[in-house]
Amino acid sequence: MSVETWRNWAGNERSVPARVVTPRSTEEVAAAVRAAAAEGLAIRMPGTGHSFTGVALTDGVMLRPSGLTGVRSIDTATGLVTAEAGLPLWRLNQLLAEHGLALANMGDIQEQTIAGASQTGTHGTGRDHAGLASQIAGLELVLADGSVVTCSATERPELFDAARVGLGALGVVTAITWQTVPAFLLRAQEEPMAWDEVLGRVDELEAANEHFEFYWFPHSEGCLTKRNNRVEGPRDPLPKFKAWLDDEFISNKVFGVAQGLTRRVPSTIGPINGISAKLLGARTFTDTSHEVFTSSRTVRFKEQEYAIPREHLVPALREIRAAFDRRGWRISFPIEVRLLPAEDAWLSMAHERHSAFIAIHVYHRNDHRAYFEGVEEILTGFEGRPHWGKMHTRDAAYLQSVYPRFGDFTKLRDELDPDRLFRNAYLNRVLGA
């Protein structure tokens, strides 16, 4: 019997499973599920640990995803690609590119497994293209009774709408079929902009760009805006030294040193944020889509993110900024703002509403509680929905009030997993025990 401590990337969540198994096929997952049920043990399959919540934890059987990384089929004519749950997003991106395909939209990290990312609602930013859940065409799951089922928009459609962002609560996802698009280039335009200008132009900037997001550096007027749009080409990536200087040296190494300094000397936070807002200057380049969507993150942090109705974005941001002065917060990480069209997956944070996502972070060694709780109080006042993989304190009673299909999800869970084989403390809180 193998026993080990599992930790997430940020180091704020850990568990000691009773047993760790590395299945290499859907049949082996089904056998592990049946064995766990016979022993009365819970069972979960985490991804790479990039969630900041306890969504992946178990004290029962933990299934390592590293044995399920195969690509079962790639159809370049239809764009349908089926891959196993443990395949990392970065590897999926490579394989798609080799076949002239791509995901239409992505988040900014590609280290997650495809199942871990989609099950927690990973999204990105987009005017026309929504998050990962909206690019899924089919799922294969192992249910609590050990049976293997598939679902899509036409086959068991209710299970499909529930399980695309399923938190691993309905079954173990073993394979995902993606609806991909022909490979494309993105022209990235990154530009510093003042707070008042960004908030005054946010409607215009969203409407004019396929993918728009921005970061505000607290204790300063500085924002960094990012606009990504499809172009025919040619590819014109950043020179290698410039890419290393901006994305590895400044954004990771220098930023990491700054986090250590601000932790020791909090009075430096304001000046350093002001410098950071200016140091990350304007640049324009054109590259393959996943190279533009994603970036390297080596400085560890803790994160909270909420989705609110898009029309509430500017009032919410102004209220958050006012709270910095009122509550005396000293925060060295920028606040990230992204936008997304409505989605139909039941537990997507953008379910049935055009949404704005506000993400806050702290250095992983810093205390997050007062800041996260204060911002959470503000955003729940705007009907906010917390990201399933990022830190929050909401429970099932609150979540039922902001998700129209929440009751349908929990009813389906009752039918598929009445004995709560896929349970853990986090699911008990957010879905009910």
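Quick note: structure is the one above.
Let me sum up the structure you'll find in this document. (Residues numbered from 1 in each chain as written. Predicted model: local features only at pLDDT ≥ 70, side-chain atom pairs only at ≥ 80, totals over all residues. Heavy atoms only, no water.)

It is worth spelling out the overall build of the chain at this point. Helix and strand content of the chain: 13 helices and 20 strands. Its C-alpha radius of gyration of 21 Å places the chain within 12% of the 22 Å reference for a compact globule of 433 residues. By principal-axis analysis of the C-alpha atoms, the chain measures approximately 60 × 50 × 40 Å. Taken over 433 residues, the chain has a buried fraction of 59%. Across the chain, contacts joining residues at least 24 apart in sequence account for 73% of those joining residues at least 6 apart. Carbon together with sulfur atoms contributes 51% to the accessible area of the chain, which is approximately 17,200 Å² in total. Distance between charge centres in the chain, computed from 47 positive and 54 negative side chains, equals 6 Å. (Helix = DSSP H or I, 4+ residues; strand = E, 2+ residues; numbered from the N terminus. Rg over C-alpha atoms; globule rule 2.2 N^0.38 Å. Buried < 20%, exposed > 50% of the residue type's maximum accessible area, 1.4 Å probe, protein only. Contact = heavy atoms within 4.5 Å. Areas by Shrake-Rupley, 256 points an atom, 1.4 Å probe, with all protein chains shown as cover. Lys, Arg positive; Asp, Glu negative; His and termini not counted. Charge placed at Lys NZ, Arg CZ, Asp CG, Glu CD.)

Pairing within the open sheet is parallel, and its three strands lie in the order β3-β5-β4. Where the open sheet ends on each side, the last strands, each with one partner, are β3 (19-21) and β4 (43-44). For β4 and strand β5 (residues 61-63), the ladder comprises two bridges, and the chain directions are parallel. Bridged to R44 within β5 is M62. (Pairing = 2+ DSSP bridges.)

The topology assignment puts R338 in strand β18 (residues 335-340). Here R338 falls in the buried class, since its relative accessible area comes to 5%. In sequence terms R338 and A359 are 21 residues apart; their C-alpha atoms lie 8.5 Å from each other. Apart from residues lying up to four places away in sequence, R338 is in contact with G107, D108, H123, G124, T125, E213, E305, S355, A356, F357 and K390. Among the polar contacts made by the side chain of R338, one reaches the side chain of E305 at a distance of 3.0 Å. (Polar contact = N/O pair within 3.5 Å; in protein donor to acceptor, adjacent residues only side chain to side chain.)

Turning next to the packing of helix α5 (residues 195-208) against helix α9 (residues 313-327). α9 packs onto α5 with a crossing angle of 160 degrees between their chain directions and a minimal axis gap of 10 Å. The angle between α5 and α9 places the two elements in the roughly antiparallel class. For α5 against α9, the interelement crossing comes out left-handed. Along the contact surface, α5 presents W195, D196, L199 and V202, while α9 presents L313, V314, L317, R318 and R321. For the contact of α5 with α9, a count of residues per class yields six nonpolar, no polar and three charged. (Axes fitted to C-alpha atoms, helices over the stretch in contact; angles between N-to-C directions. Parallel < 35°, antiparallel > 145°, perpendicular 65-115°, else oblique. Left-handed = near helix turned anticlockwise from the far one by under 90°. Nonpolar A, V, L, I, M, F, W, Y, C, P; charged D, E, K, R; others polar.)

On to the side chain of D108, then. With respect to the helices, strands and loops of the structure, D108 is situated in the loop between β8 (101-102) and α3 (114-119). Separated by 2.8 Å, the side chains of D108 and R297 make a polar contact.

Okay, the packing of α9 against helix α10 (residues 369-380) next. Running from N to C, α9 and α10 point in directions that differ by 145 degrees, and their axes come no closer than 10 Å. Considering how the two elements wind past one another, α9 and α10 form a crossing that is right-handed. For the pair α9 and α10, the contacting residues are A316, E319, I320, A323, F324 and R327 in the first and Y371, G374, V375, E377, I378 and L379 in the second. A class-by-class count of the residues in the contact of α9 with α10 yields eight nonpolar, one polar and three charged.

Turning our eyes to something else, we now look at the nonpolar core. Residues L92, L141, L159 and W388 are the most contacted members of the largest nonpolar core, which totals 67 residues. Apart from residues lying up to four places away in sequence, L159 is in contact with L141, V149, C151, L170, L412 and L416. Judged by nonpolar contacts, the second largest core, of 42 residues, contains V299, Y371, F372 and I378. (Core = buried A, V, L, I, M, F, W, Y, C linked by side-chain atoms within 4.5 Å.)

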